[in-house]
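Residues per chain, in single letters:
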Amino acid sequence: MLRPPPPTAIPEPARPDLPRHIGIIMDGNGRWARRRHLPRVAGHRAGVRAIRQVMEACNDAGVHILTLYAFSTENWQRPRGEVTSLMRLFQETMDGEIDELDAKGIQIRIIGDRAKLSPRLRETVDECEARTVHNRANVLNVAINYGGRSEVVEAIRELATRGVDLRTLDEATLSAALYTAGLPDPDLIIRTAGELRVSNFLLWQGAYAELHVTETLWPDFGPADVAVALGDFGRRRRTFGQVPETPAGGAAAGPAAGPAAGAAAGPAAHAGADAAHGTAIASRAG
Ligand code: FPP
């Protein structure tokens, strides 16, 4: 895997009850189009418009790292015409948006196996990354030909190739070999269009992510839905498998004061991420 150097100094969320990193499974484009008697690609085009709005809403809310699931390793099995349309859309969108994204200080990373992309698209994604690598306002990861299982397998293969002794492999070393190296794990994964599954998305990184599933189809997902998802996240009590501390009086801490308060790092620290926000967790063992 070829990855850009890890970003440093990406702004922290504006408030401690916000996620540092949101992953989004953008589902429902086909249904959105079908309901309007439009071709599926019209749904994907509408999906691109939604991306713009959602990126802005996240930035305005103070969340600065987003990962969008645009094309999975399984999506090649879609009808050939749809795959071609999607690839064309990726190309067009990147060509058309790069100036503005760069001007806004957004660092773009394409995560996934780019070997299967056309040489032209590969060149475009390489250029987008190279041009924005020093941007620090926001990080936008776009997952194209991405699969969580193959990401882990590839990372282990690469570590073996580099001569790392796999018998002593630890979580931080593996995290640092993933596409998301240097970024905090997603605290929140949003899935649109109602399906209750993670579909091979950020399997390793999402180990402790809060899930927010909405019936809203991706093209209809907008700033108000972002606000709902963030509100939902802010009310979660995050325990990372441990027991929330209770204040001396006995009552359990409320979500804002407890582990839900934007805790970004689980017990297994991920590379480059730190427990920036206080967590009040008492270990079950301790
Ligand atoms: C899932 O909806 C959506 C996709 C497989 C494609 C998502 C891609 C985009 C929104 C375009 C992104 C473009 C860039 C440049 C990032 P679906 O087609 O599976 O919907 P359905 O389940 O209703 O059929």
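Thresholds applied
Residues numbered from 1 in each chain as written. Predicted model: local features only at pLDDT ≥ 70, side-chain atom pairs only at ≥ 80, totals over all residues. Near = placed C-beta within 6 Å. Helix = DSSP H or I, 4+ residues; strand = E, 2+ residues; numbered from the N terminus. Nonpolar A, V, L, I, M, F, W, Y, C, P; charged D, E, K, R; others polar. Buried ≥ 20, exposed ≤ 12 C-beta atoms within 10 Å, placed from the backbone. Pairing = 2+ DSSP bridges. Axes fitted to C-alpha atoms, helices over the stretch in contact; angles between N-to-C directions. Contact = placed C-beta atoms within 7 Å. Parallel < 35°, antiparallel > 145°, perpendicular 65-115°, else oblique. Left-handed = near helix turned anticlockwise from the far one by under 90°. pLDDT = per-residue confidence, 0-100. Core = buried A, V, L, I, M, F, W, Y, C linked by C-beta atoms within 7 Å. Expected span 1.5 Å × (residues − 1).

Residues in contact with the ligand amount to 18 residues; listed here are only the nearest, Asn29, Gly30, Arg31, Gly47 and Thr93. Elements with a minimum of two residues in the shell around the ligand: helix 1 (29–35), helix 2 (40–61), strand 2 (65–72) and helix 3 (80–103). With 4 residues, helix 2 is the largest single contributor of residues to the shell around the ligand. Taken together, the residues of the shell around the ligand sort by class into 9 nonpolar, 7 polar and 2 charged.

The next point concerns the pairing of strand 1 (residues 21–25). Counting buried positions over the 5 residues of strand 1 gives 5, a clear majority of the element. Covered by surrounding structure in strand 1 are His21, Gly23 and Ile25 together with Ile22 and Ile24, the residues of both alternating faces. Summarising the sheet, strand 1 and strand 2 pair through 5 bridges and their orientation is parallel. Within strand 2, the position partnered with Ile22 by the bridge is Leu66. Strand direction decides the pairing type here: strand 1 and strand 5 (residues 188–191), joined by 4 bridges, are parallel. Bridge pairing in strand 5 links Ile22 to Leu188.

Read across the open sheet, the 6 strands follow the order 3-4-2-1-5-6; overall the sheet is parallel. Two strands bound the open sheet, and with one partner strand each, they are strand 3 (106–111) and strand 6 (210–213). Shown here is a sheet whose adjacent strand axes are inclined to one another by a mean of 20 degrees, direction ignored. The strands touched by helix 2 within the sheet are strand 1, strand 2 and strand 4 (138–146), with strand 2 carrying the most contacts at an inclination of about 160 degrees.

At a minimum axis distance of 10 Å, the contact between helix 3 and helix 4 (residues 119–132) shows a crossing angle of 20 degrees. Taken together, the axes of helix 3 and helix 4 lie roughly parallel to each other. Between helix 3 and helix 4 the crossing geometry is left-handed. Only Arg120, Leu121, Thr124, Val125, Cys128, Arg131 and Thr132 of helix 4 make contact with helix 3, whose side of the interface consists of Met87, Phe90, Gln91, Met94, Asp95, Ile98, Leu101 and Asp102. Its residues placed into classes, the contact of helix 3 with helix 4 shows 8 nonpolar, 3 polar and 4 charged.

For the chain, per-residue confidence averages 87 on the pLDDT scale, and residues scoring 70 or more make up 83% of the total. Contacts from residues 249–286, a stretch scored under 50 in pLDDT, to residues over four places away or in other chains number 94 contacts.

Within the largest apolar cluster, 54 residues are counted, with the highest numbers of intra-cluster contacts made by Ile24, Leu68, Tyr69, Ala70, Val142, Ala143 and Ile144. In contact with Ile144, other than residues within four places in its own chain, are Ala70, Phe71, Phe90, Ile110, Gly112 and Leu117.

All right, on to unusual backbone geometry then. Phi at Asn200 takes a positive value of approximately 65 degrees, unusual for a residue other than glycine. Relative to the elements of secondary structure, Asn200 occurs in the loop between strand 5 and strand 6. Residue Asn200 is classed as partly exposed on the basis of its C-beta count, with 18 C-beta atoms lying within 10 Å. Positive phi outside glycine occurs at Leu202, with the angle close to 45 degrees. Position of Leu202 among the secondary structure elements: in the loop between strand 5 and strand 6. For Leu202, a count of 26 C-beta atoms within 10 Å puts it in the buried group.

Between its first and last C-alpha, helix 4 extends 20 Å over 14 residues, near the 20 Å set by a 1.5 Å rise per residue. Looking at the buried residues of helix 4, the elements they touch are helix 3 and strand 3.

Bringing the pairing of strand 3 into the picture now. Note on strand geometry: in a regular strand, side chains alternate between the two faces of the sheet. The buried fraction of strand 3 amounts to 6 of the 6 residues, a majority that puts the element mostly inside the structure. Residues Ile106, Ile108 and Ile110 point to one face of strand 3 and Gln107, Arg109 and Ile111 to the other, with burial holding for every one of them. Of the pairings in the sheet, the one linking strand 3 to strand 4 comprises 6 bridges and is parallel in character. Paired with Ile110 across the strands is Val142, a residue of strand 4.

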